[in-house]
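Here is what each chain is made of, one letter per residue.
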Amino acid sequence: MTEDRFERSLRELLADRDPGPAPERLRRAVVGVPAMPAGARGAAWLAGLPGLAAAAIIVAVGIGLLLRAGSAPQGSGGAPQPAPPASLEPGMGLATATEPVLPVLILFLVLPAVGIILAWRLRSRIGRLAIVSLMVALMVGYGSLAFIDVLSFRDGAIIVAPATLDSETDGKPTHLALVKPGELFRVLLTVTNVSAVPVTLRGLDPSLNDIHSPVAKFVGLGLLADPQEINPAAAVAFRPVELAPDGHVDVVVLLDAGPCATEPGQDVGSTGRDYVPFVSSALGWERTTRVEMPFTVAVPIQENCP
Amino acid sequence: MLATRAIDRGVTSRAEAFSALTDRHLDGAYRLAAVILGDALEGEDAVHDAAVVAWSSFGQLRDEARFDAWFGRIVINQCRDRLRARRRRPTVGLVGLVGQPANGSVPDPSGPFAARDALERAFAVLEPDEQIVVALRFWRDLTVDQIAERVSIPSGTVKSRLHHALGRLRTAIRVEEDER
């Protein structure tokens, strides 16, 4: 087919599609559009309703997060706000991680919905690809917050009180607490936020205590009464602390030596803890994390103690 | 100019001005929509939806002398959305099933209209944006620059879309001729 014939065919094809002047019913309908009641014109704005709904959810979630962040005490680099008067006792600073309803909602409903709506409305293929890529990156990035380590004892204070015998097991320092059965003892540690997002330290999760085990149990968490004075004996009740990236805070973990504790000596064993179960939240993801200590806190125990 | 004429007639309210302007440009908009969509009834729906959208943002139109281009752009956007929706939900027109050309119609390789059928089918599977520029170029006889202004894209993009679209249409014709 020649170029002329091709163009003629194409023009004929399009001309055959031309229906001529608009029918009267269309003219009446179009001219009457301004007189239509608002509800009858709903189709146009209904199309944008999912976008508006998604935007409203995002705004609500954002406000909720801001309010939540605003209600938590701000730890500037981890330093606690003016300490509450109560001194550290068993049962203080305990928390339980809540189900991450809001983050899951954002991850599986809001972000995909926003991505689909934006991609749907964009005319450019590259733009749609960019939006989809951005949404996938946001979902992966936000979802990964549920799994990455956000807290660490990488540096700072390490004090076990009262007195300990120090040794080394398999290259790892061991502090053997010299305690009596049922005696409470304290470990002072510096917790650092090693993630790139703000993290709120909410407390200690005692659910990981094995009630049938003779190992020392986590019974409380506190903060230093005076951050300048590194004295675990002067710890006060814990309050949630927000840690900026690389921010840190000194905490005092209260442990119960348990009924099997005894003095070190012959025919005496020991059991230890080498992690602390913290409850923390990062951008709405709340979880319990076993933060590994760079040493083991052990308690000498009687052989064959139930 | 049109607004001035409307004022001269004493049509001063916003709604009346809108009605007068759409009435004046309705035929062109409807015919363009029908040509792009290949379906007069769907063209009616597209123009009606475009009128609803246009009325909702009529206050943003500063220069009523540009109503034709502005309304035409809205109509084209409506057509583009409908073509995209059609691609997501492929359908076979009833008219096509009884032998007249339509989207998804069955080709008749022995008939005199085989090339025309092939062209129509090839046109139907062009990208929506390509169908629009081809219709504006070969039905409306707009220049590349006029199409660029009408569709709000650079002239280079118009040329590129026309080039690709015509290439695909020519290929479809050539394949059909080879098969005969």
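Conventions used here
- Note on numbering: residues in each chain are counted from 1, in written sequence order.
- Think of it this way: whatever chain is written first is A, whatever ligand is written first is 1, and the rest follow in order.
- Reporting in this predicted model follows two pLDDT cut-offs: at least 70 for local features of residues, and 80 or more for side-chain atom pairs to be given and counted; totals over whole chains, interfaces and linings ignore these cut-offs and use all residues.
- Computation of side-chain values: all heavy atoms of the structure, hydrogens and water removed.
- Put simply, DSSP marks the helices as runs of H or I at least four residues long and the strands as runs of E at least two long, and each gets a number from the N terminus on.
- Contacts are assigned to residue pairs with any non-hydrogen atoms lying within 4.5 Å of each other.
- Residue burial considers only the protein chains on display, and all accessible areas are found by Shrake-Rupley using a 1.4 Å probe.
- We define a salt bridge as a contact between a side-chain nitrogen of Lys or Arg and a carboxyl oxygen of Asp or Glu at a distance within 4 Å.
- Here's how the labels work: a residue is buried when its accessible area is under 20% of the maximum for its type, exposed when over 50%, partly exposed in between, all with a 1.4 Å probe on protein chains only.
- To define a nonpolar core, start from buried Ala, Val, Leu, Ile, Met, Phe, Trp, Tyr and Cys residues and group those joined through side-chain atoms within 4.5 Å.
- Put simply, buried area is the surface a 1.4 Å probe can reach on two separate parts but cannot reach once they are joined, added for both.
- We call two N or O atoms a polar contact when they sit within 3.5 Å, provided that within protein one can donate a hydrogen and the other can accept it, with sequence-adjacent residues counted only if both atoms are side-chain atoms.
- Three residue categories are used. Nonpolar comprises Ala, Val, Leu, Ile, Met, Phe, Trp, Tyr, Cys and Pro, charged comprises Asp, Glu, Lys and Arg, and polar comprises the others, including Gly.
- By construction, the arc corresponds to the directions joining the helix axis to the C-beta atoms.
- Strands qualify as paired when DSSP identifies two bridges or more between them.
- Here, axes are lines fitted to C-alpha atoms. For helices the fit covers the stretch in contact, and angles between N-to-C directions go from 0 to 180 degrees.
- By convention the crossing between two helices is left-handed if the near helix lies anticlockwise of the far one by an angle smaller than a right angle, and right-handed if it lies clockwise.
- pLDDT expresses, on a scale from 0 to 100, how confident the predictor is about each individual residue.

Asks: Is there a simple way to explain the overall build of chain A in this structure?
Replies: Looking only at helices and strands, one finds 6 helices and 13 strands in chain A. A fraction of 79% describes how many contacts in chain A between residues 6 or more apart in sequence connect residues 24 or more apart. Working note: accessible area of chain A is about 15,800 Å², and carbon and sulfur atoms make up 62% of it.

Asks: Could you clarify how one ought to interpret the pattern of salt bridges in this entry?
Replies: Any two side chains of opposite charge can pair, so long as their charged atoms come close to each other. Here the structure, examined in full by the defined rule, presents 15 salt bridges over all chains. One salt bridge connects A:D18 with B:R31, and the closest N-O pair in it is separated by 2.5 Å. Taken together, the residues span two chains, with A:D18 in the loop between α1 (3-17) and α2 (24-31) and B:R31 in helix α2 (residues 14-37). Look at A:D18 and you get buried, because its relative accessible area is 18%. Where B:R80 meets B:D129, a salt bridge forms, and the shortest distance between an N and an O atom there is 2.5 Å. One end of the pair, B:R80, is in helix α4 (residues 67-88); the other, B:D129, is in helix α7 (residues 128-138), with 49 residues separating them in the sequence. You'll find B:R80 and B:D129 in the same group, each marked buried.

Asks: Can you walk me through the nonpolar core in this structure?
Replies: Considering soluble globular proteins, one finds that nonpolar side chains tend to be buried as a cluster. Ranked by internal contacts, the top residues of the largest apolar core, which has 58 residues, are A:L10, B:V47, B:F71, B:V134 and B:L169. For this core, the element with the most residues is α2(B), which contributes 10 residues. Setting aside anything within four residues of it in sequence, one finds B:F71 in contact with B:A29, B:V47, B:A50, B:A51 and B:A54. Judged by nonpolar contacts, the second largest core, of 50 residues, contains A:F153, A:V197, A:V199 and A:L243.

Asks: For this particular structure, what's the right way to read helix α6 (residues 114-124) of chain B?
Replies: Think of an α-helix as turning once every 3.6 residues; residues three or four places apart then point the same way. Burial analysis of α6(B) places 8 of its 11 residues in the buried class, which makes it a mostly covered element. Listed in full, the buried residues belonging to α6(B) are B:A114, B:A115, B:D117, B:A118, B:L119, B:E120, B:A122 and B:F123.

Asks: What exactly am I supposed to notice about the interface of chain A and chain B here?
Replies: Facing 35 residues of chain A, the contacting portion of chain B comprises 46 residues. Buried surface at the junction of chain A and chain B, both sides included, amounts to about 3,600 Å², of which 61% is carbon and sulfur. In this structure, the salt-bridge partner of A:R25 is B:E44, at a minimum N-O distance of 2.6 Å. Our enumeration of links across chain A and chain B arrives at 10 residue pairs in polar contact (both at pLDDT 80 or more). Among the elements that make up the side of chain A that touches chain B, the one with the highest residue count is α1(A) (12 residues). Among the residues making up the side of chain A that touches chain B, the classes are represented as 20 nonpolar, 2 polar and 13 charged.

Asks: Just to check I follow, could you spell out α2(A) for this structure?
Replies: The complete set of buried residues in α2(A) reads A:L26, A:R27 and A:V30. Buried positions in α2(A), seen along its axis, are confined to an arc of 100 degrees and lie on one side of it.

Asks: What exactly am I supposed to notice about the side chain of B:T22 here?
Replies: The residue B:T22 is located in helix α2 in this model. B:T22 has contacts with A:V30 and B:F67, leaving out every residue within four places of it along the chain.

Asks: Could you clarify how one ought to interpret the pairing of strand β11 (residues 248-256) of chain A in this entry?
Replies: Both faces of the sheet carry side chains from a regular strand, because those side chains alternate between them. Residue and element names in this part refer to chain A. Pairing analysis gives 9 bridges linking strand β6 (residues 184-193) to β11, with the strands arranged antiparallel. Residue pairing in the sheet places L184 in a bridge with D256 of β11. In this sheet, β11 lies alongside strand β8 (residues 217-224) in antiparallel orientation, the contact comprising 6 bridges. If you follow K217 over to β11, its bridge partner there is D256.

Asks: So what exactly am I meant to see when it comes to the pairing of strand β5 (residues 172-177) of chain A here?
Replies: Residue and element names in this part refer to chain A. Burial runs high along β5: 5 of the 6 residues are buried. Sheet topology places strand β4 (residues 164-169) next to β5; 6 bridges connect them, and they run antiparallel. By the bridge assignment, D166 is partnered in β5 with H175. The antiparallel hairpin formed by β4 and β5 contains 2 residues in its connecting segment, where D170 sits at a positive phi of about 55 degrees. Sheet analysis places β5 next to strand β13 (residues 285-302), joined by 3 bridges and oriented parallel.

Asks: Where do I start with the packing of α2(A) against α2(B) in this structure?
Replies: Helix-helix packing is described using two parameters, namely the angle between the two axes and the distance between the axes. One can describe the packing of α2(A) onto α2(B) by two numbers: an axis separation of 9 Å at closest approach and a directional angle of 145 degrees. For the pair α2(A) and α2(B), the crossing hand works out as right-handed. Here A:L26, A:R27, A:V30 and A:V31 of α2(A) come into contact with α2(B), specifically with B:F18, B:S19, B:T22, B:D23, B:L26, B:D27 and B:Y30. Along the lines of polarity and charge, the residues of the contact of α2(A) with α2(B) split into 6 nonpolar, 2 polar and 3 charged.

Asks: Just to check I follow, could you spell out unusual backbone geometry for this structure?
Replies: Phi is positive for A:L283, which is not a glycine, with a value near 50 degrees. With a relative accessible area of 40%, A:L283 lands in the partly exposed category. The phi dihedral of B:D141 is positive, around 60 degrees, even though this residue is not glycine. With respect to the helices and strands, B:D141 occurs in the loop between α7 and α8 (144-151).

Asks: Explain the confidence of the model for chain B to me, please; I cannot follow it from the model alone.
Replies: If pLDDT is low for a region, its predicted coordinates should not be looked at in detail. Residue and element names in this part refer to chain B. When pLDDT is averaged along chain B, the result is 80; 78% of the residues meet or exceed 70. Averaged pLDDT values for the elements of chain B fall to 43 in helix α5 (residues 94-97) and rise to 93 in α7. The low-confidence segment residues 6-11 (pLDDT under 50) makes 4 contacts with residues lying over four places distant or belonging to another chain. Every residue in residues 93-105 scores below 50 in pLDDT, and together they form 17 contacts with partners more than four places removed in sequence or on other chains. Across the whole predicted complex the pTM is 0.47, and at the interface the ipTM reaches 0.80.

Asks: Whenever I open this one, the confidence of the model for chain A confuses me. Can you help?
Replies: With 80% of its residues at a pLDDT of at least 70, chain A reaches an overall mean of 78. Overall, residues 70-79 of chain A carries pLDDT values under 50, and its contacts beyond four positions in sequence, including any with other chains, amount to 18 contacts.

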